[in-house]
Amino acid sequence: MKIAVIGQSLFGQEVYCHLRKEGHKIVGVFTIPDKDGKADPLGLEAEKDGVPVFKFPRWRARGQALPDVVAKYQALGAELNVLPFCSQFIPMEVIDAPLHGSIIYHPSLLPRHRGASAINWTLIHGDKKGGFTIFWADEGLDTGDLLLQKECEVLPDDTVSTLYNRFLFPEGIKGMVEAVRLIAEGKAPRLRQPEEGATYEGIQKKETAKINWDQPAEAIHNWIRGNDKVPGAWTEACGQKLTFFNSTLNTSGLVPEGEDLLIPGARRPGVVTKAGLILFGNDDKMLLVKNMQLEDGKMIPASQFFKGAASSALELTEAELAIAEAVRSAWKRILPNVPDVEDSTDFFKSGAASVDVVRLVEEVKELCDGLELENEDVYMATMFGDFIQLLVRKLRGEDEEGECVIDYVEKAVNKLTVRMPHQLFIGGTFVDAEGSKTYDTINPTDGSVICQVSLAQVSDVDKAVAAAKDAFENGLWSKISARDRGRLLYRLADLMEEHQEELATIEALDAGAVYTLALKTHVGMSIQTFRYFAGWCDKIQGCTIPINQARPNRNLTLTKKEPVGVCGIVIPWNYPLMMLSWKTAACLAAGNTVVIKPAQVTPLTALKFAELTVKAGIPKGVVNILPGSGSLVGQRLSDHPDVRKIGFTGSTEVGKHIMKSCAISNVKKVSLELGGKSPLIIFADCDLNKAVQMGMSSVFFNKGENCIAAGRLFVENSIHDQFVQKVVEEVKKMKIGNPLDRDTNHGPQNHQAHLTKLLEYCQRGTKEGATLVYGGNQVPRPGFFFEPTVFTDVEDHMFIAKEESFGPIMIISRFADGDVDTVLSRANATEFGLASGVFTRDINKALYVSDKLEAGTVFVNTYNKTDVAAPFGGFKQSGFGKDLGEAALNEYLRIKTVTFEY
């Protein structure tokens, strides 16, 4: 059909895209005018496709349709109008014009909740069922005949955002497409909309969102969540307007003990507790609010309300006033050009330098009998009045932060007592996930449950990003010198080294890593990575550039390399700690803050790493760690408007999805290390014993769970049989067993789903005609063990020749003696380009082949030889961007050009 799409937003964009995929011709898109120079996503998408886009500011004037607007619409000859989400009033001359009329999406089960705030009112009324309606447009307000409805359960703690993201958005898109399909097939119903049960509620605005306290707790909860996030339910307390978010009725185990918050009109005062703000309805039942917004716009955890209030000026005692005057005299001595030191006097703007900071700190320590004061305290409170407040709080002991409380899971294993955090790490604190949701993390050696780990939700991502953003914009991290930042990273590396046996043991428990390999590689290279990038912190430099002078004046142009801000890092399960370190070390060295999503199946070393950041003194909010699913946590990080960079290691399919999300959300910077099918070419003139040894390592290292594993070996015909024989002999010597045993060579695969995939991979290889020389089966013992496997006679067209196994499966193909160019062509005949290798004693051949191989890394007479100083990353669909080396820093920096005229 010929369709006109009238509307806006990402929802409109997705409906438009799906209708095009269904084969419909979109004759025109009508959307809203650009706002602040930004075009609506629907219009942007249509313009890319060459579809006519119209951005009328209005369709009517004084109740009458604008003739020129209607004429432009009618010229398109649409047979159906589709209105997925439309905020403009469309005249009936347009609604009734097409052959099939117009259909509209509405996010409620009509006739209930007609009007523009339907989702809000679904929650405010406490409806147990929600959903959407697609109806035929008429002259009324959401009163047209029904075409299609779909419903869902409304969860007790749903907000507008969660209900929309979980059901109304994804299912609504499908519903619109289904409705159009029914119309095209002549099967679309027109069911008269009943008036019984019909409701109409107005648009929710801030002024109408004030909380009525004379109602039960459940009704108050529904009011808060129904206004979360927009416009925000509010009340007046402590002389200001407070807006509440993240409400729940799940208060089991909570005791209302804390500091009372008097709320006019409420039956009982609220209570600020460690869990948040407990409120009461007129039925004396409790609800819990976890976040609130102050009148100045600052968002804080509700549990911190009175701590935030404590930041107001302290009343000083006579003794404290005397100290303040003594400190004022010290400021005068250090700042001789300032006639009077007022509360508003800024230490640095008045001419102080870094050496003066040391002098001030030492003078104050002497005045205050050795009070603990650091240089960073001066940078955090640069004005005299703020400095005195900070000093007095320290003297009173009010600034001391409580020790980070960690609920460990302890296990006696590997002759150690391993202590593992298992909660989310947000803003320097280990906390439960929203709704206290958890999941089991499994030991692949025997399939047993190691412990329950907190399962992050979308709201947890928002909290973590907010903590990272606050740490970047307002915290100590961006105020300390680059050299001090490096010092903290060195300290973190030292702590990782102190805990290396514990970290390696956790890798063995959670990921199945062979302990001896984990010590050297998983943990050892992680330590090296942090030390390497710690050294870079104070060497990140811009440059000066000669430009044409604006004569008779002169110009100076310089560049600065700056951190990008909040970064999201999504890491895989094969090297949980090492992949975290490769990205996070560069990210932090550049001065960013970070939210890390470890793989859901291997979260424990990341959470232990979080504990070590606390011990190292990394400021709160700089590092945040969220175990959880990629579809929730990873997706939200990709979509979040405050995240400025995503670093991802994983599959090509997911990498493409992340790229799209980063582009649509806010054009995030992104670096991707994706799938591989790395070729290893072994020529007859090689050192055969070394080629066998390194060929084994190229495939079986880390159980084959290795992004740069040699996915296919090309062996020159004259040595092929001998090579295969030697490989099989060596494979038979490998000991499969408990990864904690010191003589184990080959541990379990990471998780059950991966084991199943490897079995299916081998079955397909055999079915297509490859020769299974060795292995191919699950090891008959508890856990997820898979035999090292060797295939020969693998032809180029076979599935196993083209697709990555990501397991201990050696794929061997012959090539004709001396036919270098043909084997190169076969090696490059893949969309992947992560790594590659060649074994030959001929230096000319080695150089020629390394030039021609299309991969980000080429190994010559070695394999798996990565180093923290050497950049690592792929070509083609193996991704872009680099980890490691100086090049990795550029992934987390932006360059600013500054030009002066004088």
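The structure displayed is predicted, hence computed values, not measured ones.

1. Examining the UniProt feature "binding site: (6R)-10-formyltetrahydrofolate" (unreviewed entry) in the chain
- With numbering aligned to this structure, UniProt lists the feature "binding site: (6R)-10-formyltetrahydrofolate" (unreviewed entry) at Gln 88, Phe 89, Ile 90 and Asp 142. Across 55 residues in sequence, these annotated residues keep their C-alpha atoms within 13.8 Å of one another, forming a single compact spot.
- Residues in contact with Gln 88, not counting those within four places in the same chain, are Thr 31, Ile 32, Pro 33, Phe 56, Pro 57, Arg 58 and Trp 59.
- Of note is the side chain of Gln 88, whose polar atom sits 2.7 Å from the backbone oxygen of Phe 56.
- Its location among the elements puts Ile 90 in the loop between strand E6 (80–83) and helix H4 (92–95).
- Given the relative accessible area of 8%, Ile 90 is considered buried.
- Apart from the residues within four sequence positions on either side, Ile 90 is in contact with Ile 6, Trp 59, Leu 83 and Ile 95.

2. Some details on the layout of surface pockets
- Estimates place the volume of the second largest pocket at around 910 Å³.
- Forming the walls of the second largest pocket are 33 residues, and the residues nearest its centre are Leu 517, Thr 521, Ser 697, Phe 701 and Asn 864.
- Classifying every residue of the lining of the second largest pocket by side-chain character gives 16 nonpolar, twelve polar and five charged.

3. Details of helix H21 (residues 688–700)
- In a regular helix each residue adds 1.5 Å, so 13 residues correspond to 18 Å; H21 covers 18 Å between its end C-alpha atoms and thus fits that length.
- Buried within H21 we find Leu 688, Ala 691, Val 692, Met 694, Gly 695, Met 696, Ser 698, Val 699 and Phe 700.
- Looking at the packing, one finds that the buried side of H21 touches strand E30 (678–682), strand E31 (710–716), helix H22 (717–733), strand E33 (789–792), strand E34 (809–815) and strand E36 (835–839).
- Positive phi shows up at Asn 702, right after H21, with a value of about 55 degrees.

4. Brief notes about the domain arrangement of the chain
- Each domain of the chain was delimited in the assignment, giving domain 1 (2–185), domain 2 (217–304), domain 3 (320–396), domain 4 (419–540 + 559–674) and domain 5 (679–862).
- One C-alpha centre belongs to domain 3, the other to domain 4, and the line joining them spans 37 Å.

5. What to know about the UniProt feature "active site" (unreviewed entry) in the chain
- The UniProt record marks His 106, Glu 673 and Cys 707 with the feature "active site" (unreviewed entry), using the residue numbering of this structure. Spanning 602 residues, the annotated positions stay apart in the fold, the maximum distance between their C-alpha atoms being 46.2 Å. Restricting the annotated residues to those that line the largest cavity leaves Cys 707.
- Within the secondary structure, His 106 sits in strand E7 (residues 102–106).
- Exposure remark for His 106: the relative accessible area of 4% places this residue in the buried category.
- Excluding residues that lie within four positions of it along the chain, His 106 makes contacts with His 113, Arg 114, Gly 115, Ala 118, Phe 132, Thr 133, Phe 135 and Asp 142.
- As for its placement among the helices and strands, Glu 673 is situated in strand E29 (residues 669–673).
- Overall, the relative accessible area of 4% leaves Glu 673 in the buried class.
- When sequence neighbours within four positions are dropped, the list of residues in contact with Glu 673 reads Met 579, Phe 648, Thr 649, Gly 650, Cys 707, Leu 834, Phe 872, Ser 878 and Asp 883.

Rules behind the numbers
Residues numbered from 1 in each chain as written. Predicted model: local features only at pLDDT ≥ 70, side-chain atom pairs only at ≥ 80, totals over all residues. Heavy atoms only, no water. UniProt positions renumbered as here; feature names shortened; annotations may be inferred. Contact = heavy atoms within 4.5 Å. Polar contact = N/O pair within 3.5 Å; in protein donor to acceptor, adjacent residues only side chain to side chain. Helix = DSSP H or I, 4+ residues; strand = E, 2+ residues; numbered from the N terminus. Buried < 20%, exposed > 50% of the residue type's maximum accessible area, 1.4 Å probe, protein only. 1 Å grid on protein atoms, 1.4 Å probe; cavity = no way out; pocket = protein on both sides within 12 Å on 5 of 7 lines; lining within 4 Å. Points joined across faces, edges and corners; volume = space filled by probe spheres on them. Nonpolar A, V, L, I, M, F, W, Y, C, P; charged D, E, K, R; others polar. Expected span 1.5 Å × (residues − 1). Domains from an automatic or database assignment.

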